[in-house]
Each structure stands twice: as structure tokens, then as C-alpha cells.
There are 2 protein chains.
Amino acid sequence: MSELRQNLITRDWVIIATERAKRPDKFANTKKTIVAMPPHRADCPFCVGNEEDGTLETCRLTDEHTGWKVRAMANKYPALSPTAERLRISSGIYRTMSGIGIHEVIVEHPRHDLTTALLTVEEVASILLVYRQRYLEIRKYPYIETIVIFKNHGPTAGTSLEHPHSQIAATPVVPNQFRRRIDEAIRYFDDTGECLFCRTLEDELAARERVIFESKDFVACIPFAALSPFHIWIFPRRHSSSFDDITDEEIIGLADTLKTVLAQLYYGLNDPDYNYSIRSVPTAEQGTKYFHWYIAIIPRVTKQAGFELGSGMFINSALPEESAEFLRSIKIPDDLNLRQT
Amino acid sequence: MSELRQNLITRDWVIIATERAKRPDKFANTKKTIVAMPPHRADCPFCVGNEEDGTLETCRLTDEHTGWKVRAMANKYPALSPTAERLRISSGIYRTMSGIGIHEVIVEHPRHDLTTALLTVEEVASILLVYRQRYLEIRKYPYIETIVIFKNHGPTAGTSLEHPHSQIAATPVVPNQFRRRIDEAIRYFDDTGECLFCRTLEDELAARERVIFESKDFVACIPFAALSPFHIWIFPRRHSSSFDDITDEEIIGLADTLKTVLAQLYYGLNDPDYNYSIRSVPTAEQGTKYFHWYIAIIPRVTKQAGFELGSGMFINSALPEESAEFLRSIKIPDDLNLRQT
């Protein structure tokens, strides 16, 4: 007998298909043998020495040995570009606007063969520092409404580039899905006087069934109504509506949490492809009481099929409590040993 | 310079990434050589002679040669099942209900090696007749709120079974995405006195840039703000909010339209994986003026990545007008020749 659970943050009812449920380790990536990649590739545009002339670079954390630790740069093939005029055309049912916006790439490490799960906490913190710096800068542009930071890891997750990298896209509209979730969060706030995310965090900490890692400032858990197997949320304990509000100390805590959770996936499910995104309130609504920024991690271990596309509902064939227990049990080896090459 | 277009039916802004746009034929399925499958497989549960004992069967169109033309049956591993009580439990932020509902499989043809694009119009009409019959029956169940008919074609679209089949899922809740789109359709109706879908159909027929096929009762087009490459909508010309309202004559017209459009994809893009779904109003709202049933076809020619998952917005790297022109130009061979085995 399956069960429906409502995800109050996305407002979706999710079918937890217990009758078709698989054991957590059955979601492991079976196609990939983790092969040693070279630490440097002559043909990789993100490797040290292959940087373009620097005109695209927007941020660099320097390092005395390799020249840089983390770099941000304008995407060479941007989906949105800052060189446009902000134009809107409306003709009957047809509404169009120019593709003004920002689309940057963050090269996360000089080495080609690493991934967040294998980095040190300090290295992950450097990536997060660049995220914050670019977020703070980009939100000053008057045509930007929403900033999304995201990572595509592996081909199923939409990337063909091996070199560790993530992206920032800043849009000239508030995405409809953001607006709808914000409406729900406002409604919850108006009804109860509480932030829905703070409430969720508190209840998950009390239940303890789905928490997979916690540090002083952050908590990672599988949602009660996870939309897909191993769907993970990371919340800051301190209420804050926008990622760029993160403090230096919190950056270290988030680096530890993000690295640990991604290592649980890496070792538990054999380096599955995944996406993560950092969701903040639209820039014009900074500082609200009703929205709480968070990171969503979506391992790409199952496929959306016609039911999901045709209804917007999800069928999840993993029991969130079992997935959480499984991830908590994963032993994470000392990553520095793995990096002797 | 990319362009944003708003899809008024889904309410999403879509980034039409013209700078990264690819020519239509570049979306063709390159991995698959169309190999002749056997017309019958001893190990296929849907092939003639391998039917289970019949206790799961809910509908059968008989045929004097093979015994049946199309069969519907309860899914052996259902996501939702009719044998449950309708129970809801609400405890703080946690809301749960029993997985009551219907989940059926429609075996579309006795032969293992065919697909909708290669069927005759009469054969496709038989499938649609079974859809209608099951829809009419299932909507009588008091615990059903929404009925979704869908098809997964190919592994990327979420199926591993080769034998041509589709599915019906009927849920005990209205999916949140349905509710939101209905709210927008109501708003449009209240503002203008018109059905948003009727208006879209009329404007697309006037513009003629994105229509790919039309018959007496149906029109197929690429949406102005298509969410992904070759995203297709099929609308009935007659306003009607629910698929089961389709007449016998319209079933023939829809069969012709669906078959033709799927054949355009089959021959134009080398049998791409795809999903389709038939979207009707929730059963309790049958007969409304504001909603119009339709079929959405989504070829799985690109992947959703972190930006899409993290914002709900889409980046489409195909220009809808070019995709439509390409599909219109595809010559469809006489399918009966292809079936001489």
C-alpha cells in the first residue's frame, strides 16, 4: 500500500510508492566505475594554463602555487546576457522580453580530477565565498530579479564538462515557480506567524528520522515528502531569506555540511550524477520574515516519466526515512589520502 | 541575443536560447539504430499468449484473429491502488493520505514491434476508444479527483518495456500543478470572458508559424513559449474540458492527428524517446468554460539541468518556429509497407 505525503514547501503531493520501493543501495550508480581522471588536461578550458585572455573573468581567489583557487567568469555561451536592453513586447497572448541577465561559470578548483565530495572543507568554503561575492555584486544590477546558483554534476545532470564547476544565472523575471512557493510561504506566515522553513527545520530536528547531518549552523535532511529518491535539503538554522547574507563563520559550517552530504552520496551511491541549487528570495524581497534560503540537492538516480510530466506530481520509490538512515551510516574516508597523485 | 517568452498556459517564462540554438535535425536521436524487433517475444508479458489469468483485465477490444486489439488492465505494481481506505492524517506540518487510486496499463497492440507512429489511423483510434472507456468508468469512483492518461516511449522517457503500451493514473487529490494552471485559466476567463486555450488555438491558427498539423477537429502546434525542443500541444477545436467528452467522429480525427505528429517525430528525429499526456479538468469540474483538454507531447531530446530544477524556469535551445517548419517538411512513408514482416 503506497502513501501520499504533502510537501508543504513545494505544495506537491508525492506518491511514496512503498510497494515498488527499492532498498537504498539499489539506487547506486552501476554504470560508472570511478576511474582516475588526470589532474590536468591540455584540452580542458578550465584547467590551469588554459584560461582564456581574462576578459571574461569576474572574480578570482588567488593562490601562490597555482595562481588561483577558484575563478568566476562570464559564460562563453550565455543563456542570458548583460549586453541587452531591457525590452518587453506584449501582443495579445504573446509576451516576449529580451534575454537580459547574467550567466557565469565558477571553476571550483584548479585540478581537473576532483569533485566537491573529495575537497577539503577549506576548499569548499572558497567556492562558497566566490558564490557570495558574485551574488552580492550581481544583485546590484537593476534588471535582476532572481539569482540562482546551481551545479550540474555528471552527464545525466546536464553537463559534459568533467572539470569541477558550478554556475550562477540571474534572471530579469521572478520565475513562476518561485512566485508560487513564496505565495505559499506568505500564506503560512500569515496563518501562523511563523516561517514555514523554520518550522520544518524545528520539526525535523525533533523527529530525527530524516536528518542526515547537522553542524552548528546548518542541518541537512531528506524531506518528509521527498520528490525523488535522496532528494536533500540543507537549511541554515538562522532565519535568513537570502544566501548572500551568510557570515564568514557560517560559510565554514556550510562547507562542512555540503561536503559531508555530497560525500555520503559519493561513497553511498557510487558517485551518482546530481544537481544542487541554492534558492534565495527574489532580490527585491531581501530580508523578509516568510522566506528562508536553502540548498536543494537532487541526485539523478531515477527518471521523470509521463505521469510526472503530465501531472506535476511525483512518484518516489524510496522511503525517506530509510534513505536517511542509509546516508547516515556511510563512512567517509579521509579525502586527503585519496588525493595523493 | 536570447529571448524570453511567456507561456500563458503554464505561466512560465522560457529562455529561448537563440545563441546556443541548434538546427532542428541536430536534435535527432543518434544513439539508436532502428532495429527490427521481433513481432512476438516469448518473454514479453504483453505479447499474445502471455496474458496473465485475466483477473487484472479491465477492458478488451476483441479481434477475431489475435483475440484482442487493445487491452487495459490493472498495473501489477501499482503506484496507487483501489483496495485502500481513503484516510487522511494531519499532524502539524506532516500531512499523509493512503495511496488510494487507479493505475492501469493499456496494451496498445498485439504486436511487439510497433509504435504509434507506425500504426494505422484505425489502430490508433482503438487505443483512444479504450482510453475513453476507462476514463468514463474510472471517473465514477468517488475517491478519484484527477485522471491522467500518459505514455512513456523509450528508456529516456522512463520505460524499459518495448511492447507498445500507455498508462492511466487516477489520483485522490488534484495535483498542485493542475490547480495552479486552472487558477490561471480561471483568471484569464474572468478577465476576458474567453477560454485561454480557445484563444491560443485561434491565434496560432492565425499566425500559422507554429502549427504542424491540422485536421477537421484537431490542431497540433509547437507552443510559442515551448518549454523544451519539439514540445507539442494538440488541441480539440471544439471547446471541451475533459477528454472523455470526445465523440466517436472526433476519435478518428484525433487518431489521425496523433499518429501524424508522432510520425513526424519518428521520421524527422529518428524515433526519439518521448512522453505524452492527456490533460483534462479534475473530474469534479467537468463541463467548465475555462478549461480545455489537450495533449502535451514532450520528446526527450534534451536534459533538465540544475537551472531548471533550481528555478522551475526552462531554457529551450530550439526556436519553436524553426522546429515547426522542420516537422511540417517531414515526409511520412506509407506505414503499411513498413509492416510487411
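This text goes with the structure placed above it.
Residues numbered from 1 in each chain as written. Chains lettered and ligands numbered in written order. Predicted model: local features only at pLDDT ≥ 70, side-chain atom pairs only at ≥ 80, totals over all residues. Heavy atoms only, no water.

## Quick notes on the interface of chain B and chain A
This is how it is decided: Here, residues are in contact when the closest pair of their heavy atoms is within 4.5 Å. Summed over both partners, the accessible area (1.4 Å probe) lost when two parts come together is defined as the buried area. A pair is scored as a salt bridge if a Lys or Arg side-chain nitrogen falls within 4 Å of a carboxyl oxygen belonging to Asp or Glu. Here a polar contact means two N or O atoms within 3.5 Å. Within protein one must be a hydrogen donor candidate and the other an acceptor candidate, and residues neighboring in sequence count only if both atoms are side-chain atoms. Just so you know the grouping, Ala, Val, Leu, Ile, Met, Phe, Trp, Tyr, Cys and Pro go in nonpolar, Asp, Glu, Lys and Arg go in charged, and all remaining residues, Gly too, go in polar. Here the rule is simple: two strands pair whenever DSSP picks up at least two bridges between them. Only DSSP runs of H or I reaching four residues or more are called helices, and only runs of E reaching two or more are called strands; each is numbered from the N terminus.
With 70 residues of chain B in contact, the opposing surface of chain A contributes 71 residues. Summed over both partners, the interface of chain B with chain A comes to about 5700 Å²; 63% of that surface belongs to carbon and sulfur atoms. Of all residues in chain B, the largest losses of buried area upon contact with chain A belong to Ile93, Tyr94 and Arg95 of chain B, amounting jointly to 13% of the total for that side. Our enumeration of links across chain B and chain A arrives at 0 salt bridges. If you look at where chain B meets chain A, you find 22 residue pairs in polar contact (both at pLDDT 80 or more). Tallied by class, the residues present in the side of chain B that touches chain A amount to 32 nonpolar, 22 polar and 16 charged. In the sheet, strand 1 (residues 3-7) of chain A pairs with strand 6 (residues 94-98) of chain B via 4 bridges, with the strands oriented antiparallel. Within the sheet, the bridge partner assigned to Gln6 of chain A lies in strand 6 of chain B and is Arg95 of chain B.

## Section: unusual backbone geometry
Quick note on the threshold: The cut-offs for exposure are 20% and 50% of the maximum accessible area for each residue type, with area from a 1.4 Å probe on protein chains only; residues under the lower value are buried, those over the upper are exposed, and the others partly exposed.
Not every positive phi belongs to a glycine, and Asp271 of chain A is a case in point at roughly 55°. Relative to the elements of secondary structure, Asp271 of chain A occurs in the loop between helix 4 (248-268) and strand 13 (274-279). The backbone of Arg208 of chain B sits at a positive phi, close to 60°, despite the residue not being glycine. Take Arg208 of chain B: it is sitting in the loop between helix 3 (196-207) and strand 10 (211-214). For Arg208 of chain B, a relative accessible area of 44% corresponds to the partly exposed category.

## A short note on the sheet that holds strand 11 (residues 218-221) of chain A
All names here are of chain A. The following threshold applies: Lines fitted to C-alpha atoms define the axes, with helix axes restricted to the stretch in contact, and inter-axis angles between N-to-C directions lie between 0 and 180 degrees.
Spatially, 3-4-7-9-8-13-14-12-11-10 is the arrangement adopted by the 10 strands of the open sheet, whose pairing is antiparallel. Only two strands of the sheet have a single neighbouring strand rather than two, namely strand 3 (57-63) and strand 10 (211-214). Across the sheet, the mean angle separating the axes of adjacent strands is 15° when strand polarity is ignored. Bridge count for strand 12 (residues 232-236) against strand 14 (residues 294-299) is 3 bridges, and the pairing is antiparallel. The partner of Trp233 across the bridge, within strand 14, is Ala296. Strands in contact with helix 3 (residues 196-207) are strand 10, strand 11, strand 12 and strand 14; relative to strand 12, the strand with the most contacts, it is inclined by about 110°.

## Some words on the relation of the copies chain B and chain A
The line we're drawing: The copies are overlaid by a least-squares fit using only the C-alpha atoms of residues whose pLDDT is at least 70 in both copies.
Placing chain B over chain A gives an RMSD of 0.0 Å and needs a rotation angle of 180°, together with 0.0 Å of translation along the axis. Each copy turns onto its partner about a two-fold axis. Of every C-alpha in chain B, the one belonging to Arg180 of chain B sits nearest the axis of rotation, 4.3 Å from it. By residue overlap, the copies meet face to face through one surface: 100% of the interface positions of chain B are interface positions in chain A.

## Focus on the packing of helix 1 (residues 121-138) of chain A against helix 4 of chain A
All names here are of chain A. Stated precisely, the cut-off is as follows: In these notes the angle categories are as follows: under 35 degrees is roughly parallel, over 145 is roughly antiparallel, 65 to 115 is roughly perpendicular, and the rest is oblique. The hand of a helix crossing depends on one turn: near helix anticlockwise from the far one by less than a right angle means left-handed, and clockwise means right-handed.
Viewed as axis vectors pointing N to C, helix 1 and helix 4 meet at an angle of 120°, and their least axial separation amounts to 8 Å. On the basis of the axis angle, helix 1 is oblique to helix 4. Remark: the crossing between helix 1 and helix 4 carries right-handed chirality. In this structure, helix 1 uses Val121, Val124, Ala125, Leu128, Leu129 and Arg132 to contact helix 4, whose residues at the interface are Asp248, Ile251, Ile252, Leu254, Ala255, Asp256, Leu258 and Lys259. Its residues placed into classes, the contact of helix 1 with helix 4 shows 10 nonpolar, no polar and 4 charged.

## Focus: the layout of surface pockets
Selection criterion: Within this scheme a cavity is a closed region of a 1 Å grid, computed over the protein atoms alone, that accommodates a 1.4 Å probe without allowing it to escape, whereas a pocket is open but has protein on both sides within 12 Å along at least five of seven lines; lining residues each have an atom within 4 Å of a point. Grid points are joined across faces, edges and corners, and a volume is the space filled by probe spheres set on the points.
Reported here for the second largest pocket is a volume of approximately 830 Å³. Around the second largest pocket, the lining comprises 30 residues; the ones closest to its centre are Arg180, Asp183 and Glu184 of chain A together with Arg180 and Asp183 of chain B. Residue assignment for the lining of the second largest pocket shows that the elements contributing at least two residues are helix 2 (176-192) of chain A together with helix 2 (176-192) of chain B. The greatest single-element share of the lining of the second largest pocket, amounting to 7 residues, is contributed by helix 2 of chain B. Along the lines of polarity and charge, the residues of the lining of the second largest pocket split into 8 nonpolar, 5 polar and 17 charged.

## With respect to the pairing of strand 8 (residues 146-153) of chain B
All names here are of chain B. Most of strand 8 is tucked away: 8 of the 8 residues are buried. Because side chains alternate across strand 8, one face comprises the buried residues Thr146, Val148, Phe150 and Asn152, and the other comprises Ile147, Ile149, Lys151 and His153, equally buried. Relative to strand 9 (residues 165-171), strand 8 is paired through 5 bridges, and the arrangement is antiparallel. Bridge pairing in strand 9 links Phe150 to Gln167.

## What to know about the nonpolar core
Rule in force here: Definition used in this section: a nonpolar core is a set of buried Ala, Val, Leu, Ile, Met, Phe, Trp, Tyr and Cys residues joined via side-chain atoms within 4.5 Å.
Counting 59 residues, the largest nonpolar core has Tyr131, Ile232, Ile234, Phe243, Leu254 and Ile297 of chain B as its most contacted members. In contact with Ile234 of chain B, not counting residues within four places along its chain, are Phe218, Val219, Ala220, Leu254, Thr257, Leu258, Tyr294, Ile295 and Ile297 of chain B. With 58 residues, the next largest nonpolar core counts Val130, Ile246, Leu254 and Leu269 of chain A among its residues.

## Considerations on the environment of Asp248 of chain A
All names here are of chain A. Along the chain, Asp248 falls in helix 4. Assessed through its relative accessible area of 52%, Asp248 is described here as exposed. When the C-alpha atoms of Asp248 and Ile100 are compared, they prove to be 31 Å apart, with 148 residues separating the residues in sequence. For Asp248, the side chain forms a polar contact with the side chain of Arg132, separated by 2.7 Å.

## A word on the sheet that holds strand 1 (residues 3-7) of chain B
Read across the sheet, 5 strands follow the order 5(A)-6(A)-1(B)-2(B)-15(B) without closing on themselves; strand pairing throughout is mixed. The open sheet has two edge strands with one neighbour each: strand 5 (88-91) of chain A together with strand 15 (314-316) of chain B. Strand-to-strand twist in this sheet, taken as the mean axis angle between neighbours without regard to direction, amounts to 25°.

## Concerning the side chain of Thr200 of chain B
Along the polypeptide, Thr200 of chain B turns up in helix 3. Taking the relative accessible area as the measure of exposure, Thr200 of chain B reaches 8% and is therefore buried.

## Structural notes on the pairing of strand 6 (residues 94-98) of chain A
Two faces belong to every sheet, and in a regular strand the side chains alternate between them. All names here are of chain A. Burial of strand 6 is extensive: 4 of the 5 residues sit out of reach of the surface. For strand 5 and strand 6, the ladder comprises 4 bridges, and the chain directions are antiparallel. The residue of strand 6 that forms the bridge with Ser90 is Arg95. Connecting strand 5 to the antiparallel partner strand 6 that follows it, the hairpin turn spans 2 residues, and Gly92 within it adopts a positive phi of roughly 60°.

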